[in-house]
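# A structural walkthrough
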Amino acid sequence: MELLRLSKAAKRLGVHPVTLRLWADSGKIPVTWVGRERRFSSIDVEAMKVSTGGGRVRLEGLYVRVSGSSGQESSLEAQEKELRGTSTGEVVKVFRDRASGLREDRPGLDRLLRAVADGSVTVVRVTHEDRLARFGVGWLKHLLSVHGASLEVLHPKKLGGRDELLEDFVSLVTTFAGRLYGMRSAENRRRLLAESGHCTTDGGP
């Protein structure tokens, strides 16, 4: 019997070291500690290889998003519930954002991509493609594939051609109209506050 280091045991199993660490933490495979290092019996590794069919475990990262900065809690919860209910692997973490799908600097998306890069997430799951991004999903898929991960959309688009182009156009207009309205509202609030302060300073009503 040989005691294997984490990286070597993971390579024999054909899984990422993070996956093997999760298996050890959950008791799916025995682990022997040598100082501060985990070691795995070659016998246990071979037994695990047989029981899993040599397949790669699904480490799922669930991504949910709403456009508003407040409210819409029910939408976030509904997305998460639907994704958890259809999960066929191990849900590692749920990544949440409250931002437009046109924004690239979303904290939740950034954390998700970092998790994919370090191997702790192998499958990214969303309810609809536009939850991940309004545009550029193809580039995100390519980025995921570079790190050996994949994207799964629970409800894929069924549109095509003119219908899909029209939907994208409407989404773009709606998003920018919302931003413009928000900017105008902010400007109006600042103007009213400034006028209020001016009146108070001048001793007006």
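This structure is a prediction, so every number in the text was calculated from the model and none was measured. (Residues numbered from 1 in each chain as written. Predicted model: local features only at pLDDT ≥ 70, side-chain atom pairs only at ≥ 80, totals over all residues. Heavy atoms only, no water.)

This part takes up the environment of A149. Secondary-structure assignment places A149 in the loop between α7 (137-146) and β7 (150-153). C-alpha separation for the pair A149 and V121, spaced 28 residues apart in sequence, amounts to 7.2 Å. In this view, A149 contacts V116, V121, T122 and L144; residues no more than four positions away in its chain are not counted. (Helix = DSSP H or I, 4+ residues; strand = E, 2+ residues; numbered from the N terminus. Contact = heavy atoms within 4.5 Å.)

Sheet faces and side chains relate simply in a regular strand, where the side chains alternate between the two faces. Going residue by residue along strand β6 (residues 123-126), you find V123 and R125 tucked away on one face and V124 and V126 tucked away on the opposite face as well. Where strand β4 (residues 59-66) and β6 come together, 3 bridges link them in parallel fashion. Residue pairing across strands places G61 opposite V124, the latter belonging to β6. Relative to β7, β6 runs parallel, the two sharing 4 bridges. By the bridge assignment, V123 is partnered in β7 with S150. (Buried < 20%, exposed > 50% of the residue type's maximum accessible area, 1.4 Å probe, protein only. Pairing = 2+ DSSP bridges.)

Let's shift gears to helix α2 (residues 17-25). Inspection of α2 places V18, T19, L20, W23 and A24 among the buried residues, and these make up the whole buried set. The positive-phi residue at the C-terminal boundary of α2 is G27, with phi of around 85°.

Okay, the layout of surface pockets next. Of the pockets and cavities examined, the largest pocket occupies roughly 200 Å³. Lining the largest pocket are G101, L102, R103, E104, R106, L109, D110, L113, A133, F135, G136 and L140. Examining the composition of the lining of the largest pocket, we find that 3 residues originate from one element, helix α5 (residues 107-117), more than from any other. Counted by class, the lining of the largest pocket contains 6 nonpolar, 2 polar and 4 charged residues. (1 Å grid on protein atoms, 1.4 Å probe; cavity = no way out; pocket = protein on both sides within 12 Å on 5 of 7 lines; lining within 4 Å. Points joined across faces, edges and corners; volume = space filled by probe spheres on them. Nonpolar A, V, L, I, M, F, W, Y, C, P; charged D, E, K, R; others polar.)

Under the criterion given, the structure shown has 1 cavity of 30 Å³ or more. Considering only enclosed or pocket space, the largest cavity measures out at about 40 Å³ in volume. Lining the largest cavity, in full, are L109, L112, L113, V124, L132, L140 and L144. Mapped onto the lining of the largest cavity, the elements with two or more residues apiece are α5 and α7. Ranked by residue count, the leading element in the lining of the largest cavity is α5, at 3 residues. Across the lining of the largest cavity, the residue classes tally to 7 nonpolar, no polar and no charged.

What the 3 strands build is an open sheet, ordered β1-β3-β2; its pairing is antiparallel. Each having just a single partner strand, β1 (3-5) and β2 (32-34) make up the two edges of the open sheet. Adjacent strand axes in the sheet meet at a mean angle of 45°, parallel and antiparallel pairs treated alike. In this sheet, strand β3 (residues 37-41) lies alongside β1 in antiparallel orientation, the contact comprising 3 bridges. Bridged to L4 within β3 is F40. Sitting on the sheet, helix α1 (residues 6-13) is in contact with β1 and β3, with an inclination near 95° to β1. (Axes fitted to C-alpha atoms, helices over the stretch in contact; angles between N-to-C directions.)

In this structure, Y63, L112, V116, V121, V124, L132 and L151 are the most contacted members of the largest nonpolar core, which totals 16 residues. Sorting the residues of this core by element identifies α5, β6 and α7 as the ones contributing at least two each. Residue contributions to this core peak at 4 residues, all from α5. Judged by nonpolar contacts, the second largest core, of 13 residues, contains L4, A10, V45 and M48. (Core = buried A, V, L, I, M, F, W, Y, C linked by side-chain atoms within 4.5 Å.)

Attention now goes to the sheet that holds β4. Each strand in a sheet pairs with its neighbour through backbone hydrogen bonds, running either in the same direction (parallel) or in the opposite one (antiparallel). The 4 strands lie next to each other as β5-β4-β6-β7, forming an open sheet whose pairing is parallel. Looking along the sheet, the strands with just one partner apiece sit at the ends: β5 (90-98) and β7. Mean inter-strand twist for the sheet, computed between neighbouring axes without regard to direction, equals 25°.

Functional significance is not addressed by these values, which are geometric in nature.
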